[in-house]
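Structural features, examined
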Amino acid sequence: MADGLTKSAARNIFYGGSLFFFLLFTAMTAHTHWYMVTTSTDSEGLTESVELGKHVWEENMCINCHSIMGEGAYFAPELGNVWERYGGHENPEAARAGIDAWIRAQPLRIEGRRQMPGYDFTDEEMTGLIDFLEWTDGIDDQDWPPHPAG
Amino acid sequence: MKYETQKVALPFFMVAMALFTLQVLFGLLAATVYAWPNFMAEIMPFNIMRVSHTNLLIVWLLIGFMGSTYYLMPEEAEREIHSPNLAYLQLAIFAFAGAAALVGYQFGIHEGREFLEQPFWVKVLITISFLMFLFNTSMTLLKGRKTAINLVLMLGLWLAAVFWLFAFYNPTNLAVDKLYWWWVVHLWVEGVWELIMASLLGYLLIKMTGVDREVIEKWLYIIVGLALFSGLLGTGHHYYWIGAPSYWQPISSVFSTLEVAPFFAMVVFAFTMFWKGSRNHPNKAAMLWALGCPTIAFFGAGVWGFMHTLSFVNYYTHGTQVTAAHGHLAFYGAYVMLILGIITFAMPQLRRVQPYNQVLNMWGFWVMTSAMCFMTFTLTFAGVVQTHLQRVLGMNFMEVQSQLELFYIMRLGSGLAVAVGAGMLLYSFFGPAREQVPAGGTQMTSGAGSA
C-alpha cells in the first residue's frame, strides 16, 4: 500500500491530521456543551433536589442494571423516559406515586423474574430520585427512544 | 530476551491473568442470572456482578499494556528499563487499588458512574501509579533509541492518561456528564488505545516475520492516522441521543463508518507482513494470536460496530443486546487477544525456555475465540429480536426479555466454553513447560519460500 508514501510523510500526516481532527472535535464539544446548558436541558429546573437524585442514582449504582438514555446495563428497563411511561406528562402526581410505590415494593421475590434489590430511601431521597428522573425525561434527546416502552 | 529488565513484565502478566480469571468468573455469574434470574439475587445483586466484570477487564488490560510496554521497551529503545524497582512499586500500587475497588464493590462502595465506579481515592492511586509507569518508560525511551513503535506506543499511553482525567469531572447536568464521560470511554477504546494496539501488533510482526522495520512503521503511521481521523469525530455516535445537537447524526454516521478502516487496515497489514516475512519464528502460537487479533477486532469492533452506528439504525438498536454483542467481541478481539498474544510471545522468553505448550495454547485460542464468536451471535440475535419487539412494536421491556431466554441460555453455554479455553491458555502460560511443536510445519511457516 502507498509505495510512493515515505515513512516520514506518513508520520507527518498522522500528527497533523490528528491535531486537526482533535481541535475540530474540541470545538464541537464546546458548542455541544453550550447547547446542552442553554437549549436541550432545563438548566433552571436543575434544582438541589434533582442534584440529590442524581447522587442517589449514583450511590446505588442503578446504571449497572438499568440504562438511562440508552447507556448502562441492559438487564433492567430504560429509565430515561420512565417518567413518560408512568404517565408523568398527563398526571405528574400519579406518576410520582407510581414510581415511589414500585421502588418501595422491592424486592418482589417472584420466582423466575429478575429481581431488583430493596432500597431504604428517605422521603427526601425518593423525592430527589423521582425529580431527577423527571428532569432527565425533559432532556431534548432527538425524540429517543422511538417508543415509550424504552 | 536480550535485556535483563524485560523480566519486569512477568509479574505484570501474572497479575493480569489472575484478574482475567476473575473477570471470566464474574461474567459467568452475570450470565447465569440472565438465564436463571433468581440466582444469588439476595446475596449478590446483578449490578455488583456487572461492575466487577467490567472493571476487572479494564484493570487487567491496563496492567497488560504496562507489562507489554516494559517487555518491548528495552528492545526498542536498546537500553535497560530506567528503574525496575519503580516498576514493581507502581504495579503493587495499581494492583492494590484494583483489588481494593473490587472488594469495595462487594460492599457497595463506589462512585456509581458506569466503568468509572472506582472510589475517588482509588482513582487517585490509579493516576499516581500510571504516572509512575509513564515516567519510568518515558525515561527509558528518552535515553534510548526512538522508533515509530515505541513513540506511537508512548503517545497512546500518555493520551490515555490525559483523557483519564475526565473521570474526575462529574457535572450535575446529566447530559453534560455524559458528554465528557465519553471523553474517557470512547477516546480510550476507539481512540488512543488503538495506538497502543497498532504499535504492539507492529512490534510482534517485526519480531516474528522479520519484515523490514521501515515498511512496518510506515504502515503503523497510516493505521493510527486512520484510527484518529475517524475515531475522534466518531465519538459523536454516542452523542445522538443524549441532548446534543442534531448535527452529530450525519457527521458521526460518516466518521464512525470510517472507523472500520483502521481495523481493516490492521488485518491487511498483519496478513501482508505474514506472507512477506522470511523469518521462520519458532513461536507459531504467538503468530496465530497476531493474525487472530486484528481479524476478530475487525469483525467485533469494525463490522459489529458499523452494524448499529448509522444514526437512523442506532435510533432503534441503541442500548439493546446488539450493543452488548458488539462490546463483547470488540473488546475481546482488539484488546484481550492483543495482550494474550503478547503474553504468548513473551512467556517462553521470560521463563527462559523454548516455545512450549504451543499446541495447548492454540487450542485455547480456538476454543475461546469460537466461544466468543458464538456468544456474539447469540447476543446479536437477541438484540435483533429485542429491537423489533420493543422499539418497533413497543412491547414492554420485561415481556421482551422473557422472549429472549433461549439466547441467554446459549450465551451462558458459550461463556462456559470461554472459561474452558481460558483455562487451557493459562495452563500453557504457567503450567509445567513441555516443548510442543505443531505438526505439519510448512503451512505454519511464514514467508514466501514456504508451503
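I will try to describe carefully the structure that is included in this document. Keep in mind that this is a model prediction, so the values were computed, not measured. (Residues numbered from 1 in each chain as written. Chains lettered and ligands numbered in written order. Predicted model: local features only at pLDDT ≥ 70, side-chain atom pairs only at ≥ 80, totals over all residues. Heavy atoms only, no water.)

What follows deals with the overall build of chain B. Helices and strands together make up the secondary structure of chain B, namely 15 helices and zero strands. Computed over its C-alpha atoms, the radius of gyration of chain B comes to 21 Å, within 12% of the 22 Å expected for a compact globule of 451 residues. Expressed as a percentage of its 451 residues, the buried residues of chain B come to 66%. For chain B, the accessible area works out to roughly 15100 Å², and carbon and sulfur atoms hold 73% of it. Charge-centre separation for chain B: the mean point of 21 positive side chains lies 8 Å from the mean point of 19 negative side chains. (Helix = DSSP H or I, 4+ residues; strand = E, 2+ residues; numbered from the N terminus. Rg over C-alpha atoms; globule rule 2.2 N^0.38 Å. Buried < 20%, exposed > 50% of the residue type's maximum accessible area, 1.4 Å probe, protein only. Areas by Shrake-Rupley, 256 points an atom, 1.4 Å probe, with all protein chains shown as cover. Lys, Arg positive; Asp, Glu negative; His and termini not counted. Charge placed at Lys NZ, Arg CZ, Asp CG, Glu CD.)

Tallying the contact residues gives 82 residues for chain B and 72 residues for chain A. Of the roughly 6900 Å² buried at the junction of chain B and chain A (both faces included), carbon and sulfur atoms supply 66%. Among the residues chain B hides against chain A, the three largest losses belong to B:Leu174, B:Tyr221 and B:Phe229. Together they make up 10% of the total. At the junction of chain B and chain A, the tally comes to five salt bridges. (Contact = heavy atoms within 4.5 Å. Buried area = accessible area lost by both parts, 1.4 Å probe. Salt bridge = Lys/Arg side-chain N within 4 Å of Asp/Glu carboxyl O.)

This brings us to the packing of aromatic side chains. In the structure shown here, the tally under the stated rule is 52 aromatic pairs over all chains. With a centroid separation of 5.3 Å and an interplanar angle of 85°, the aromatic rings of A:Phe75 and B:Tyr34 are classed as edge-to-face. In this pair, A:Phe75 sits in the loop between β2 (71–72) and α3 (82–85) while B:Tyr34 sits in helix α1 (residues 9–35), so the two residues belong to two different chains. Summarising the burial analysis for this pair, A:Phe75 and B:Tyr34 share the class buried. The interplanar angle of 40° and the centroid separation of 6.0 Å between the aromatic rings of B:Trp304 and B:Phe377 together place this pair among those described as tilted. In this pair, B:Trp304 is assigned in helix α10 (residues 284–307) and B:Phe377 in helix α13 (residues 358–392), connecting sequence segments 73 residues apart. Residue classification places B:Phe377 among the partly exposed residues on the basis of a relative accessible area of 38%. The structure contains a cluster of three or more aromatic residues connected by ring pairs, namely A:Phe22, A:Phe25, B:Phe163, B:Phe166, B:Tyr169, B:Tyr180, B:Trp183, B:Tyr239, B:Tyr247 and B:Trp248. (Phe/Tyr/Trp six-rings, centres within 6.5 Å; stacked < 30°, edge-to-face > 60°.)

Quick look at the packing of helix α2 (residues 46–77) of chain B against helix α4 (residues 120–143) of chain B now. For any two helices packed against each other, the geometry is given by the interaxial angle and the distance between the axes. All names here are of chain B. Axis separation between α2 and α4 bottoms out at 10 Å; the angle between their running directions is 15°. When the interaxial angle is binned, α2 and α4 end up roughly parallel. At the point where α2 passes α4, the crossing takes the left-handed sense. Residue-level contacts link Leu62, Met66, Thr69, Tyr70, Met73 and Ala77 of α2 to Phe130, Phe133, Asn136, Thr137, Thr140 and Leu141 of α4. Residues belonging to the contact of α2 with α4 are distributed by class as follows: eight nonpolar, four polar and no charged. (Axes fitted to C-alpha atoms, helices over the stretch in contact; angles between N-to-C directions. Parallel < 35°, antiparallel > 145°, perpendicular 65-115°, else oblique. Left-handed = near helix turned anticlockwise from the far one by under 90°. Nonpolar A, V, L, I, M, F, W, Y, C, P; charged D, E, K, R; others polar.)

A separate point is the packing of helix α9 (residues 260–276) of chain B against α10(B). Residue and element names in this part refer to chain B. Viewed as axis vectors pointing N to C, α9 and α10 meet at an angle of 160°, and their least axial separation amounts to 8 Å. By the criterion of interaxial angle, the relationship of α9 to α10 is roughly antiparallel. Considering how the two elements wind past one another, α9 and α10 form a crossing that is left-handed. Facing Val260, Phe263, Phe264, Met266, Val267, Ala270, Phe271 and Phe274 of α9, the residues of α10 in contact are Met287, Ala290, Leu291, Pro294, Thr295, Ala297, Phe298, Ala301, Gly302 and Phe306. When grouped by side-chain class, the residues that make up the contact of α9 with α10 number 16 nonpolar, two polar and no charged.

Turning our attention to helix α12 (residues 321–350) of chain B. Residue and element names in this part refer to chain B. End to end, α12 covers 40 Å across 30 residues, agreeing with the expected 44 Å (1.5 Å per residue, within 8%). The largest bend in α12 comes to about 40°, at Tyr332. α12 sits mainly inside the fold: 26 of its 30 residues count as buried. Looking at the residues trailing α12, positive phi occurs at Arg352, about 55°. (Expected span 1.5 Å × (residues − 1). Bend = angle between axes of the 7 residues up to and from the residue.)

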